[in-house]
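A look at the structure
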Amino acid sequence: GAGVSQSPSNKVTEKGKDVELRCDPISGHTALYWYRQSLGQGLEFLIYFQGNSAPDKSGLPSDRFSAERTGGSVSTLTIQRTQQEDSAVYLCASSLQGSSYNEQFFGPGTRLTVL
Amino acid sequence: SQQGEEDPQALSIQEGENATMNCSYKTSINNLQWYRQNSGRGLVHLILIRSNEREKHSGRLRVTLDTSKKSSSLLITASRAADTASYFCATDANMDSSYKLIFGSGTRLLVRP
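Residues numbered from 1 in each chain as written. Chains lettered and ligands numbered in written order. Predicted model: local features only at pLDDT ≥ 70, side-chain atom pairs only at ≥ 80, totals over all residues. Heavy atoms only, no water.

Overview of the overall build of chain B
The helix and strand tally for chain B stands at zero helices and 11 strands. Listed by position from the N terminus, the elements making up chain B come as β-β-β-β-β-β-β-β-β-β-β. A compact globule built from 113 residues should have a C-alpha radius of gyration of about 13 Å, and chain B, at 13 Å, falls within 12% of that. A principal-axis box enclosing the C-alpha atoms of chain B has dimensions of 45 × 25 × 20 Å. (Helix = DSSP H or I, 4+ residues; strand = E, 2+ residues; numbered from the N terminus. Rg over C-alpha atoms; globule rule 2.2 N^0.38 Å.)

Re unusual backbone geometry
That bond from Ser7(A) to Pro8(A) is cis: its omega, -10°, falls within 30 degrees of zero. When you line up the elements, Pro8(A) lands in the loop between β1 (5-7) and β2 (10-13). Residue Pro8(B) is bonded to the preceding Asp7(B) through a cis peptide linkage, with omega at 0°. You can see Pro8(B) is positioned in the loop between β1 (5-7) and β2 (10-14). One non-glycine residue, Arg81(A), adopts positive backbone phi at about 45°. Its location among the elements puts Arg81(A) in the loop between β7 (75-79) and β8 (88-95).

Re the state of the cysteines
Residues and elements named next belong to chain A. Going through the model one piece at a time under the given rule, you end up with two disulfides over all chains. The partner cysteine of cysteine 23 in its disulfide is cysteine 92, sulfur to sulfur 1.8 Å. Here cysteine 23 and cysteine 92 share a disulfide; its torsion about the S-S bond, -65°, makes the bridge left-handed. You can see cysteine 23 sitting in strand β3 (residues 19-24) and its partner cysteine 92 sitting in strand β8, a full 69 residues away along the chain. For cysteine 23, a relative accessible area of 0% puts it in the buried group. (Disulfide = S-S within 2.5 Å. Buried < 20%, exposed > 50% of the residue type's maximum accessible area, 1.4 Å probe, protein only.)

Some points on the packing of aromatic side chains
Taken as a whole, this structure holds eight aromatic pairs over all chains when the rule is applied. Between Tyr33(A) and Tyr35(A), the ring centres sit 6.2 Å apart and the planes meet at 20°, which makes this aromatic pair stacked. Of the two residues, Tyr33(A) and Tyr35(A), neither departs from the other in class, the shared state being buried. Ring pairing ties together the aromatic residues Tyr33(A), Tyr35(A), Phe45(A), Tyr48(A), Phe106(A), Tyr35(B) and Phe103(B), which thus form one cluster. (Phe/Tyr/Trp six-rings, centres within 6.5 Å; stacked < 30°, edge-to-face > 60°.)

Topic: the sheet that holds β1(A)
All names here are of chain A. Taken in spatial order, the four strands make up an open sheet running β1-β3-β7-β6, and their pairing is antiparallel. Every interior strand has two partners, whereas the edge strands, β1 and β6 (65-69), have only one. Neighbour to neighbour, the strand axes of the sheet diverge by 15° on average, direction disregarded. Bridge analysis of β1 against β3 gives three bridges, and the strand direction is antiparallel. Of the residues in β3, the one forming a bridge with serine 5 is aspartate 24. (Pairing = 2+ DSSP bridges. Axes fitted to C-alpha atoms, helices over the stretch in contact; angles between N-to-C directions.)

Some remarks on the nonpolar core
Core analysis: the biggest nonpolar cluster contains 21 residues, and Leu32(B), Trp34(B), Leu74(B), Ile76(B), Tyr87(B) and Leu109(B) have the highest contact counts within it. Those elements giving two or more residues to this core turn out to be β3 (19-24), β4 (31-38), β5 (42-50), β7 (61-66), β8 (71-76), β9 (85-92) and β11 (107-112) of chain B. Once residues within four sequence positions are removed from consideration, Tyr87(B) is found in contact with Glu6(B), Met21(B), Tyr35(B), Arg36(B), Leu46(B), Leu74(B), Ile76(B), Gly106(B), Thr107(B) and Leu109(B). Counting residues in each nonpolar core, the second largest holds 20 residues, with Leu46(A), Phe65(A), Ile79(A) and Val114(A) among its members. (Core = buried A, V, L, I, M, F, W, Y, C linked by side-chain atoms within 4.5 Å. Contact = heavy atoms within 4.5 Å.)

Quick word on the pattern of salt bridges
Any two side chains of opposite charge can pair, on the condition that their charged atoms come close. Counted by the stated rule, this structure contains six salt bridges over all chains. In this structure, Arg22(A) and Asp24(A) form a salt bridge, with 2.8 Å as the shortest nitrogen-oxygen distance. Salt-bridge contacts for Asp56(A) lead to Lys100(B); the nearest nitrogen and oxygen are separated by 3.5 Å. Taken together, the positions of Asp56(A) in the loop between β5 (43-50) and β6 and Lys100(B) in the loop between β9 and β10 (101-103) put the pair across two chains. Judged by relative accessible area, Lys100(B) falls into the buried class, the value being 12%. (Salt bridge = Lys/Arg side-chain N within 4 Å of Asp/Glu carboxyl O.)

Topic: the environment of Ser39(B)
Assignment of secondary structure puts Ser39(B) in the loop between β4 and β5. Taking C-alpha positions, Ser39(B) is 10.0 Å from Thr84(B), a pair spaced 45 residues apart along the chain.

What follows is the structure, encoded as structure tokens:
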């Protein structure tokens, strides 16, 4: 079946603009994660969705970042008033259930560049 | 601060040689995972080792876990050029938020043909 897909693959924006990043998880996966990866670095946890439970937003770096997951499937990560330090690759992952014992399947990422 | 830290940061070996990467972490874990990232296939899960396991094998991969030292190692035997990638270890953030993975900064492996 299809893997995790993300769009757009690349996004260049000007400082101060809002951006929306989209993630389509694997069908049937109840858990969805967003991560951020800066150049040459590891992944930084941003937010976690599990079914209809309240999301874990503890990794969001500021209130300019928000995310939602509609109908338990597609998720959108929104960054308002983008700053240059927001430039990174944003990765989405899904897993069958929300447990670290479940393999996370990653999408190809969205490379965000804020000029 | 990061939970997992890989060592070395970069490693260059000849095809056919073995590659060993190490990971250290700070708090108690449920399990530790290794992921590979390259430009072709993105980030891919390689292997998971539970906290009550000491060693695990998968093909040419061998993972060890020493919970007393809070460290793990990933050994790739008989390396191939296709193994060129960045390798990350990931651990549970803590026992309560066991769904949350904390990734290290990775080891960049170059396998020379």
